[in-house]
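Notes for the structure review
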Amino acid sequence: MARSKVREGSPWTGLWAVVFKEMADHLTSARMLILQALTLITAVGTVYAAASNLRDTVAQDRFLLLRLFTTAQQPLPAFVGFLAFLVPLIAIALAFDAVNGEFNQHTMARLLAQPIYRDALLFGKFLAGLFTLALVLTTIWLLIVGMGLVGLGVPPGGEEVARSLWFLVLTVFYGGVWLALALVFSITFRQPATAALASIAVWLFFTVFWGIIVDLLAQFLRPVRIGLPSEYLAQGQLALMLSRLSPNTLYSEAILAMLNPAVRSLGFVLPIQLDGAILGAPLPLDQSLALIWPHFTGLVAVTILLFALGYTLFQRQEIRA
Amino acid sequence: MAADVVIESHGLTKHYNSFVAVDNLNLTVRHGEVFGLLGPNGAGKTTTILMLLGLTEPTAGSVRVLGLDPARQPLSVKSRVGYLPELLGFYNGLTAYENLIYTAKLNGLRRDEAHERILSALAQVGLEEVVEKPVGTFSRGMRQRLGVADVLIKKPQLIIMDEPTQGLDPEAARDFLGIIRRLKADGITVLLSSHLLHQVQAVCDRVGLFYRGRMVLEGTVEELARRVLGGAYRIQVEAEGPASLEEALRRVRGVVNVTRPGETLYELETEYDLRPEAARAVVEAGGKLLSLKVEQPSLDDVYTRYFEQEGKHG
Ligand SMILES: Nc1ncnc2c1ncn2[C@@H]1O[C@H](COP(=O)(O)OP(=O)(O)OP(=O)(O)O)[C@@H](O)[C@H]1O
Ligand SMILES: [Mg+2]
């Protein structure tokens with residue numbers, strides 16, 4: 001506490017001790033084993049289906065590896081479709097009892113009596129969650145690349161690997177948002193079940209209701225009165241802007257551009273903007289990156305904001321609770 | 001500040017909004033002492049302890065622990081001071097050893113050094129048999145001893161225990177008091193809070209009586225007894241003799257009061273252990289001494305009497 005005073009030593013003293021302890025907990029917990037198994041089954045199932053679908057087109061396609069992630073095979077959606085559900089779930093599962101769990105086990109007082117600051121404890125817990133998520137997703141990524149090699153018999157090109165790695169990074173940071181959110185709720189709610197429910201409620205809100213709300217808001221604020229194209233455009237642009245307030249939109253747009261080099265622009269495109277562009281020609285990686293950079297920084301910014309909120313709440317919390 | 005002062009506070013005060021939890025506390029604990037904070041529920045013991053550790057910010061006043069300011073130098077204080085909280089928890093799924101490894105790492109110890117310290121700390125509290133058992137299987141007494149091992153990892157100069165014997169059965173409590181005595185013998189200063197008076201009396205060199213955020217009495221048990229009970233000792237004299245016997249006993253120097261609960265029974269409140277003098281007085285007055293017993297003043301008496309007096313005054 002005592003924000004105004006100069007504190008002795010580094011706020012990160014003991015950070016790595018916290019990170020390693022928490023990671024060890026995560027990687028051995030039943031909760032994580034279940035979610036890992038679920039992710040694994042999903043990956044194997046969807047990628048196997050995609051690979052058998054792609055086998056016929058092997059010869060013509062430059063971006064086979066990326067297709068493994070995005071090809072849907074009825075009745076299965078593509079792997080990325082599943083991930084958009086699974087990653088928030090895993091992230092929430094990693095953090096919803098981070099702080100309240102220590103209080104409920106009565107370990108908080110003993111922990112904070114060690115020579116560390118609260119900063120290290122909270123950030124350590126966040127990092128451990130992020131690293132665990134990264135570890136799980138990297139394993140899956142390697143598995144998919146391996147399955148691609150075996151199933152399709154074509155080694156992926158350098159740009160493909162780079163794009164799929166960016167996809168991996170984006171997914172980890174998308175998880176970071178939900179991790180930070182669950183961490184905040186684990187500070188505000190004493191019951192882990194309440195924290196988990198609150199996190200899932202926010203996730204449901206953005207997954208299910210936000211789209212509906214955005215449409216209603218756009219129709220209300222930018223009504224189409226006489227049917228001019230400019231009216232439709234204004235309404236569409238507002239709807240897009242609003243929908244990007246959701247981390248889900250940011251993530252799905254970003255991975256769309258990353259995994260599909262043919263995507264030249266996100267959002268509305270007027271014919272005049274396409275002047276000089278060859279339709280269907282793939283965009284180079286650096287231009288795809290430039291396209292999604294605002295999305296990426298948006299995800300990181302939301303994470304930082306949520307973490308800062310959690311930090312402030314945690315610093316004020318009485319140790320006796 | 002004198003070199004052997006371990007805890008020193010001046011005007012230490014803690015407000016929770018308008019509620020005063022600790023009021024203008026002046027406390028001094030010296031090196032090697034076992035100091036007992038006692039007082040009823042809500043007296044402010046835990047709040048005081050949290051301020052000593054820098055875990056709660058004082059509203060006013062100053063604290064020095066081992067010469068350091070806990071609010072400004074929390075890391076230095078917490079690496080030298082062990083704290084056994086009121087509600088002591090461990091990770092139930094981890095073994096005793098794994099729990100202590102985490103503490104050791106948080107204290108920045110290297111793995112081999114940590115290993116040595118953990119085994120020796122567990123041996124010191126008699127838990128060497130259960131090093132690899134999950135803490136979830138431990139009894140309350142074992143957990144409390146594990147708590148001591150946990151603070152010993154950092155080789156503390158001072159250990160602060162909040163209600164350490166609460167919930168222990170008489171034997172476990174006795175064992176635990178034995179551990180506290182050994183800590184003292186090893187030169188560690190101990191501050192403990194409790195409202196189990198006979199236990200405090202059994203291990204503490206000095207006690208402070210807390211009441212509504214204030215330390216109303218402080219000193220050795222004998223000093224408190226002298227102040228609150230008048231005499232520090234109660235001597236029971238059983239004697240047959242002339243009627244002047246009571247008067248003779250009353251005249252002995254150091255006797256504060258004499259009562260006569262039975263025909264041949266006299267009860268003396270005295271400032272010192274006056275058994276020889278009392279015996280001589282009986283004999284000189286021509287009486288026949290049947291028995292002579294001294295009763296140590298108990299903290300229970302002090303506590304009860306103090307609150308009776310408080311009740312009368314306000
Ligand atoms: N966070 C808080 N907000 C408001 N009041 C508090 C807070 N923490 C403690 N108090 C009050 O301060 C007073 C002193 O509490 P404290 O826990 O220090 O007492 P204690 O002597 O340790 O009692 P016990 O024997 O019950 O442990 C109590 O009346 C308590 O209600
Ligand atoms: Mg208390």
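What this report covers is the structure whose coordinates are included nearby. It should be emphasised that the depicted structure is a prediction, and the values quoted were computed from it without experimental measurement.

**A few points about the overall build of chain A**
- For chain A, the count of helices and strands is twelve helices and zero strands.
- Each helix (α) and strand (β) of chain A, taken in turn from the N terminus, gives the series α-α-α-α-α-α-α-α-α-α-α-α.
- The dimensions of chain A, computed from C-alpha atoms along their principal axes, are 65 × 55 × 35 Å.
- By the burial criterion, 48% of the 321 residues in chain A qualify as buried.
- The contacts in chain A between residues at least 6 apart in sequence include a share of 79% that link residues at least 24 apart.
- Carbon together with sulfur atoms contributes 71% to the accessible area of chain A, which is approximately 14,900 Å² in total.
- Of the charged side chains in chain A, 19 are positive and 16 negative, and the gap between their average positions amounts to 9 Å.

**Some details on the pattern of salt bridges**
- A full pass over the atoms with the stated rule returns 19 salt bridges over all chains.
- Residue arginine 110 of chain A pairs with aspartate 150 of chain B through a salt bridge whose shortest N-O separation is 3.1 Å. Here the residue arginine 110 of chain A occupies a position in helix H6 (residues 108-112), and aspartate 150 of chain B occupies one in helix H5 (residues 140-152), the pair thus bridging two chains. Here the two residues arginine 110 of chain A and aspartate 150 of chain B agree in accessibility, since each one is buried.
- The partner of glutamate 33 of chain B in a salt bridge is arginine 206 of chain B, and the shortest N-O contact between them spans 2.5 Å.

**Quick look at the side chain of threonine 270 of chain B**
Residue and element names in this part refer to chain B.
- Examined against the element boundaries, threonine 270 turns out to sit in strand E12 (residues 265-270).
- The class for threonine 270 is buried, based on a relative accessible area of 0%.
- Of note is the side chain of threonine 270, whose polar atom sits 2.5 Å from the backbone oxygen of tyrosine 272.

**Comments concerning the pairing of strand E1 (residues 5-16) of chain B**
Residues and elements named next belong to chain B.
- Burial runs high along E1: nine of the twelve residues are buried.
- Relative to strand E2 (residues 19-30), E1 runs antiparallel, the two sharing eight bridges. Looking at the pairing, tyrosine 16 lines up with phenylalanine 19 of E2.
- Two strands pair when backbone bridges link them, and E1 and strand E4 (residues 60-65) are joined in this way by five bridges, in the antiparallel orientation. Following the sheet pairing, isoleucine 7 is matched in E4 by valine 65.

**So, empty space enclosed by the protein**
Residue and element names in this part refer to chain A.
- Under the definition given, this model contains five cavities of 30 Å³ or more.
- Of the volumes computed, that of the second largest cavity is approximately 60 Å³.
- Taken together, Phe69, Phe79, Leu83, Leu137, Ile140, Trp141, Ile144, Phe167, Leu168 and Thr171 make up the lining of the second largest cavity.
- Mapped onto the lining of the second largest cavity, the elements with two or more residues apiece are helix H4 (79-95), helix H7 (118-152) and helix H8 (158-188).
- For the lining of the second largest cavity, the leading source of residues is H7, giving four residues.
- Of the residues belonging to the lining of the second largest cavity, the class tally is nine nonpolar, one polar and no charged.

**Concerning the packing of aromatic side chains**
- Applying the stated criterion to the full structure yields 23 aromatic pairs over all chains.
- Measuring from centroid to centroid gives 6.2 Å for tryptophan 166 of chain A and tryptophan 293 of chain A, while their planes differ by 75°, and the two rings are edge-to-face. Here tryptophan 166 of chain A, found in helix H8, pairs with tryptophan 293 of chain A, found in helix H12 (residues 285-316); they are 127 residues apart in sequence, far enough to count as distant.
- Take tryptophan 166 of chain A: its relative accessible area is 23%, and that puts it in the partly exposed class.
- For tryptophan 293 of chain A, a relative accessible area of 40% translates into the label partly exposed.
- Measuring from centroid to centroid gives 4.2 Å for tyrosine 174 of chain A and tyrosine 251 of chain A, while their planes differ by 5°, and the two rings are stacked. Here tyrosine 174 of chain A, found in helix H8, pairs with tyrosine 251 of chain A, found in helix H11 (residues 247-259); they are 77 residues apart in sequence, far enough to count as distant.
- Among the residues examined, tyrosine 174 of chain A registers a relative accessible area of 1% and is labelled buried.
- Tyrosine 251 of chain A gets classed as buried once you look at its relative accessible area, which sits at 1%.
- Here the aromatic residues Trp12, Phe123, Phe126 and Phe307 of chain A are joined through ring pairs into a cluster of three or more.
- Sitting over the face of the ring of tyrosine 102 of chain B, lysine 21 of chain A holds its NZ or CZ atom 5.2 Å from the ring centroid.

**Looking at the site of ligand 1**
- With respect to spatial proximity, 15 residues lie near ligand 1, and among them Arg320 of chain A together with Gly42, Thr46, Thr47 and Glu86 of chain B are the closest.
- Surrounding ligand 1 are residues belonging to chains A and B, so the site spans chains.
- Within the side chain of asparagine 41 of chain B, one N or O atom sits 3.0 Å away from an oxygen atom of ligand 1.
- The contact in question runs from an oxygen atom of ligand 1 to an N or O atom on the backbone of lysine 45 of chain B, over 2.8 Å.
- Relative to its free-state accessible area of 640 Å², ligand 1 is covered by the protein chains to the extent of 69%.
- Of all the secondary structure elements, the ones that give two or more residues to the shell around ligand 1 are E2 and helix H1 (45-52) of chain B.
- Among the elements that line the shell around ligand 1, the one with the most residues is H1 of chain B, at three residues.
- Its residues placed into classes, the shell around ligand 1 shows five nonpolar, five polar and five charged.

**Things to note about the packing of H8 of chain A against helix H9 (residues 192-221) of chain A**
All names here are of chain A.
- It is at 8 Å that the axes of H8 and H9 come closest, and there the two elements cross at 140°. On the basis of the axis angle, H8 is oblique to H9. As H8 packs across H9, the resulting crossing turns out to be right-handed. Across the interface between the two elements, Trp178, Leu181, Ala182, Phe185 and Ser186 of H8 pack against Ala195, Ala198, Ser199, Val202, Trp203 and Phe206 of H9.
- Here the contact of H8 with H9 is built from residues that sort into nine nonpolar, two polar and no charged.

The rules behind each value
- Residues numbered from 1 in each chain as written.
- Chains lettered and ligands numbered in written order.
- Predicted model: local features only at pLDDT ≥ 70, side-chain atom pairs only at ≥ 80, totals over all residues.
- Heavy atoms only, no water.
- Helix = DSSP H or I, 4+ residues; strand = E, 2+ residues; numbered from the N terminus.
- Buried < 20%, exposed > 50% of the residue type's maximum accessible area, 1.4 Å probe, protein only.
- Contact = heavy atoms within 4.5 Å.
- Areas by Shrake-Rupley, 256 points an atom, 1.4 Å probe, with all protein chains shown as cover.
- Lys, Arg positive; Asp, Glu negative; His and termini not counted.
- Charge placed at Lys NZ, Arg CZ, Asp CG, Glu CD.
- Salt bridge = Lys/Arg side-chain N within 4 Å of Asp/Glu carboxyl O.
- Polar contact = N/O pair within 3.5 Å; in protein donor to acceptor, adjacent residues only side chain to side chain.
- Pairing = 2+ DSSP bridges.
- 1 Å grid on protein atoms, 1.4 Å probe; cavity = no way out; pocket = protein on both sides within 12 Å on 5 of 7 lines; lining within 4 Å.
- Points joined across faces, edges and corners; volume = space filled by probe spheres on them.
- Nonpolar A, V, L, I, M, F, W, Y, C, P; charged D, E, K, R; others polar.
- Phe/Tyr/Trp six-rings, centres within 6.5 Å; stacked < 30°, edge-to-face > 60°.
- Lys NZ or Arg CZ within 6 Å of the ring centre and 35° of its normal.
- Near = heavy atom within 4 Å.
- Axes fitted to C-alpha atoms, helices over the stretch in contact; angles between N-to-C directions.
- Parallel < 35°, antiparallel > 145°, perpendicular 65-115°, else oblique.
- Left-handed = near helix turned anticlockwise from the far one by under 90°.

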